[in-house]
Amino acid sequence: MEIAFHGAAGGVTGSCHPLTIGGKSILVDCGLFQGEDEERAARNGTFGFDPKTVDYVLLTHAHLDHCGRLPLLVKEGFRGEIISTSATRDLVRLVLLDAAGLQAEEAKRESRRKARHGEEESAPAYTELDVFDTMDRFTRIAAYGKPFTLCDGVRVTFGDAGHILGSAWVLIEAQEQAKRTRLVFSGDLGGRDHPVLNMPSPAPVADVVIMESTYANRLHKPLDSSIAELRDAIGDTLQRGGNVVIPTFALERSQEILYYLRDLVERGELPHHLTVFLDSPMAISATRIFERHPQSLSPLMRDLFARGVDPFHLPGLHFTRETSDSMAINQITGGAVILAGSGMATGGRILHHLRHNLWRRDSSVVFVGYAAAGTLARAIIDGARQVRIFGEEVRVAAHIYTIGGFSAHADRDDLLAWLASAGTPRHTFLVHGEDAQREVLAATLRERGLRVDLPALHSHYTL
Ligand code: ZN
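The rules behind each value
- Residues numbered from 1 in each chain as written.
- Predicted model: local features only at pLDDT ≥ 70, side-chain atom pairs only at ≥ 80, totals over all residues.
- Heavy atoms only, no water.
- Phe/Tyr/Trp six-rings, centres within 6.5 Å; stacked < 30°, edge-to-face > 60°.
- Helix = DSSP H or I, 4+ residues; strand = E, 2+ residues; numbered from the N terminus.
- Buried < 20%, exposed > 50% of the residue type's maximum accessible area, 1.4 Å probe, protein only.
- Salt bridge = Lys/Arg side-chain N within 4 Å of Asp/Glu carboxyl O.
- Donors = N, O, S within 2.8 Å, 3.2 Å for Na, K, Ca; no water.
- Tetrahedral: all angles 85-135°; square planar, octahedral: opposite > 155°, others 65-115°.
- Domains from an automatic or database assignment.
- Contact = heavy atoms within 4.5 Å.
- Buried area = accessible area lost by both parts, 1.4 Å probe.

1. Observations concerning the packing of aromatic side chains
Phase 1: Here the structure, examined in full by the defined rule, presents 10 aromatic pairs.
Phase 2: Judged by centre distance (6.3 Å) and plane angle (35°), the rings of Phe148 and Phe158 are tilted. In this pair, Phe148 sits in strand E7 (residues 148-151) while Phe158 sits in strand E8 (residues 154-160), placing the two residues 10 residues apart along the sequence.
Phase 3: Plain terms: the ring middles of Tyr215 and Tyr370 are 5.4 Å apart, the flat faces sit at 70° to each other, and that makes the pair edge-to-face. Of the two residues, Tyr215 sits in the loop between strand E11 (208-212) and helix H6 (223-240) while Tyr370 sits in the loop between strand E16 (364-367) and helix H12 (376-381), which places them 155 residues apart along the sequence. A single burial state applies to Tyr215 and to Tyr370, both of which are buried.
Phase 4: Put simply, the rings of Phe5, Phe429 and Tyr461 touch in pairs and so form one group of aromatic residues.

In structure tokens form, the structure reads like this:
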């Protein structure tokens, strides 16, 4: 049995881990490289293996850095099955169509620039048609806690990872001659106290663990203090007369923030008619998908839905699907809370809102999620005084808030708690973390007698 790491190895994006068992090739995740990882990986088209040889893809969840290269895989000859939970499949469709749309826009912009220099046009990496071809390959649905036979000698079980709607860890039980091996891929794990989702199910007992390490060297602040920070950031900005811009990922974080805002308004801690724009067609559609998958939601959410209460709705909430409605928000000079993607400000409508508000002293930008190195979000968080948006230099004068406690990721204690139930694995790989993060966790695990590896990009191991 062999495993290779063709992404999220020394970085946090591009998850892509092929496993070879008895002549079958099983790929766990097929994510896009973003930000600095993208540069490190040279380009997203380099898989490090032949997509035609892959038999199965087991997909942990619908974040772009876990599913974003699936259309490329299909385009380059993958003809096997993709297996995920049903909520993941629904969200993947949305996420990939959005990605294809962004790439088309990007290619158009790039082509215009090139035309001015007499160069050849740019083509997007994949189109909506490639996404539809990809969706046709989702042939089987996995349910939490229900083992199924993937192929001869390989059984697979998905468990709730509590990270985003439909997210899963994946247990692979492989029988090769007399040798039986249990491997678990954590995917991305959620933390405790998540109001919208369940806690991650404990890790199954495993011989080999491939675990994420995004926040392996951090402890999240308590949720209550983060909600108070959000309330104060909004309250202070309203008083100054500016707007609040919140870059959010359309999946889950948008819904989570809407839930907190609704709760704060209901408790009278924010004005009853607080004007909130969910300026993301994808987040609007994602909210509908949440309603269709109550099995993946926390008991609190299920209870609210059952009582006919929409936990993501508040009185002053506006959904802006159309571009013209989104552009109209630019005319608002104060009093608006604007949620838009992408969460790391690598593209999408958030760029327009940042361009209109970043230079204003009375406005604020509130970061509520992870920002990978090399992204615009990270540059602003790290204190850049000037940033480049759509080729234009924009001064950073707005108040910048970074609220860490809303993370959809497990912190160090959550990771250790999850791993504890795996027993004593003979081999643990830490992926999906920047080196500074995973080295600290590796040291802790080695002190406990575990064999830990920090795989490099495109490295192979025999298990
Ligand atoms: Zn994720």
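From this point, the narrative continues.
2. Details of unusual backbone geometry
Phase 1: For the bond running from Gly341 to Ser342, omega is 5°, close enough to zero to count as cis.
Phase 2: With respect to the secondary-structure elements, Ser342 resides in the loop between strand E15 (336-340) and helix H11 (350-357).
Phase 3: A positive phi angle, close to 50°, is found at His432, a residue other than glycine.
Phase 4: Following the sequence through the fold, His432 ends up in the loop between strand E20 (427-431) and helix H14 (435-447).
Phase 5: Even without being a glycine, His458 presents a positive backbone phi close to 70°.
Phase 6: Residue position: His458 is located in the loop between strand E21 (452-453) and strand E22 (459-462).
Phase 7: Under the relative-accessibility criterion, His458 is labelled partly exposed at 34%.

3. What about the pattern of salt bridges?
Phase 1: This structure, assessed with the given rule, holds 27 salt bridges.
Phase 2: Residue Glu256 is joined to Arg253 by a salt bridge in which the shortest nitrogen-to-oxygen separation is 3.3 Å. Here the residue Glu256 and the residue Arg253 both occupy positions in helix H7 (residues 253-266), the gap between them amounting to three residues, near one helical turn. For the residue pair Glu256 and Arg253, the accessibility class agrees, reading buried in each case.
Phase 3: Between Arg412 and Asp413 there is a salt bridge, and its shortest N-O distance comes to 3.4 Å.
Phase 4: One network of salt bridges, in which partners are shared, links Arg231, Asp232, Asp263, Arg267 and Glu269.

4. Regarding the coordination of the zinc ion
Phase 1: Protein ligation of the zinc ion involves His61 (NE2), His63 (ND1), His163 (NE2) and Asp188 (OD), the donor distances falling in the range 2.2 to 2.3 Å.
Phase 2: The site at the zinc ion holds four donor atoms, and with the angles between them running 90 to 165°, its shape is irregular.
Phase 3: For the zinc ion, the single-chain donor residues occur in sequence as H-x1-H-x99-H-x24-D. Placement of the pair is His61 in the loop between strand E4 (56-58) and helix H2 (64-67) and Asp188 in the loop between strand E10 (179-185) and E11, with a sequence separation of 127 residues.

5. Details of the domain arrangement of the protein
Phase 1: Under the domain assignment, the protein is made up of domain 1 (2-218 + 409-462) and domain 2 (223-406).
Phase 2: When each unit is reduced to the centre of its C-alpha atoms, the spacing between domain 1 and domain 2 is 27 Å.
Phase 3: Contact with domain 1, which involves 30 residues of that partner, is made by 32 residues of domain 2.
Phase 4: Taken together, both faces of the contact between domain 1 and domain 2 bury some 2600 Å²; the carbon and sulfur share is 66%.
Phase 5: Considering only the surface of domain 1 that becomes buried against domain 2, Leu165, Pro195 and Val196 emerge as the three largest contributors, covering 24% of it.
Phase 6: Between the two partners, domain 1 and domain 2, sit two salt bridges.
Phase 7: Glu434 is paired through a salt bridge with Arg378; the nearest N and O atoms lie 3.8 Å apart.

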